[in-house]
Every structure is written in structure tokens, then in C-alpha cells.
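Residues per chain are reported as follows:
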Amino acid sequence: MLPQDSERYVVVTDGAYGDEHLRIVDTQAADPSQPIVANVDYERTSSDARAPALFYGLALTADGSRIYVSDGGYDPSTDPDRHKHYNLVELFDLAGSPPQLVPRA
């Protein structure tokens, strides 16, 4: 839960096979059929290990201003040396009301 607006919002990822999503959900949405207030798509374009994916988790700063998202299966390196491979951690600012996911460099 995000500390903004009395913990009204939660950040979730489905970590599913196929297309995946990082979302902010309003737990008190005026229209319960439309609770998503922010969304980042991770479209599955291939079964290649270099395709972005969400598998390993989320970490929220104590003040709720940023979230770290692990791209669990995402290894953009094509180098045959296994020591040069890595996974990415993305950083998003959470800004506004309702909070939005703003990517940071």
C-alpha cells in the first residue's frame, strides 16, 4: 500500500506469463470496474530471455515516493561471457493524486 491518501492505493504486478503489467490500483475507486489509475505494460514480444519481464519483486521507499521494480528475466546482454550478463532494476517516481508511475533514468 502507498502511504498517500490514507493508503488508498496499492502497487501490483501480475508477474504472469505473456503480457505483464505494473499497476497502481485504487482500492476505493468510484467505479469498481475501473480501479487502475496507472499502468506500465511489459508486452511479451518473444520467449527470448532478453524480453522485459516482471518476476522478482517490488520495493517501495518508506515515504512512498519511489518504487524499484526488478526485471527478473530481462537480460539485454548478448555477450557469450556469462559474467557480463545482468538483470535490470527499474526506478519509478510516484507522483500526483492519484499517483502515477513516472520512469526515472
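What this report covers is the structure whose coordinates are included nearby. Keep in mind that this is a model prediction, so the values were computed, not measured.

### Considering the sheet that holds strand β5 (residues 66-71)
Stage number 1. What the four strands build is an open sheet, ordered β4-β5-β6-β7; its pairing is antiparallel. On the outer flanks of this sheet lie β4 (58-60) and β7 (100-103), each paired with one strand and no other. Neighbouring strand axes in the sheet, compared pairwise and without regard to direction, differ in orientation by 30 degrees on average.
Stage number 2. Examined bridge by bridge, β5 and strand β6 (residues 88-95) share six bridges and lie antiparallel to one another. Opposite Y68, over in β6, you have L91 as the bridge partner.

### So, the nonpolar core
Stage number 1. In this structure, L22, I24, Y42, I67, V69, F92 and L101 are the most contacted members of the largest nonpolar core, which totals 14 residues.
Stage number 2. Within the residue set of this core, elements represented by two or more residues are β1 (9-13), β2 (20-26), β3 (36-42), β5 and β6.
Stage number 3. Residue contributions to this core peak at three residues, all from β3.
Stage number 4. If sequence neighbours within four positions are ignored, I67 has contacts with V11, L58, A59, L60, E90, L91, F92, L94 and L101.

### Observations concerning the sheet that holds β1
Strand pairs in the sheet, formed through backbone hydrogen bonds, run parallel or antiparallel to each other.
Stage number 1. Spatially, the three strands line up as an open sheet ordered β1-β2-β3, and their pairing is antiparallel. In this open sheet, the two strands that pair with only one neighbour each are β1 and β3. Here the strands of the sheet are splayed against their neighbours by 10 degrees on average, with no regard to which way each runs.
Stage number 2. Here six bridges tie β2 to β3, and the two strands are oriented antiparallel to one another. Bridge pairing in β3 links I24 to A38.

### Here we look at the pattern of salt bridges
Stage number 1. Using the criterion set out here, one finds three salt bridges in the structure.
Stage number 2. Of the charged contacts, one joins R8 and D26 as a salt bridge, the two residues approaching to 2.7 Å between their closest N and O atoms. Note that R8 is positioned in the segment before β1 and D26 in strand β2, a separation of 18 residues in sequence.
Stage number 3. Relative accessible area serves as the criterion here: at 9%, D26 is assigned to the buried category.
Stage number 4. The salt bridge partner of R104 is D93, with a shortest N-O separation of 3.3 Å. Taken as a pair, R104 in the segment after β7 and D93 in strand β6 lie far apart in primary sequence, 11 residues in all.
Stage number 5. One connected set of salt bridges, linked through shared partners, spans R66, D93 and R104.

Basis of the calculations
Residues numbered from 1 in each chain as written. Predicted model: local features only at pLDDT ≥ 70, side-chain atom pairs only at ≥ 80, totals over all residues. Heavy atoms only, no water. Pairing = 2+ DSSP bridges. Helix = DSSP H or I, 4+ residues; strand = E, 2+ residues; numbered from the N terminus. Axes fitted to C-alpha atoms, helices over the stretch in contact; angles between N-to-C directions. Core = buried A, V, L, I, M, F, W, Y, C linked by side-chain atoms within 4.5 Å. Buried < 20%, exposed > 50% of the residue type's maximum accessible area, 1.4 Å probe, protein only. Contact = heavy atoms within 4.5 Å. Salt bridge = Lys/Arg side-chain N within 4 Å of Asp/Glu carboxyl O.

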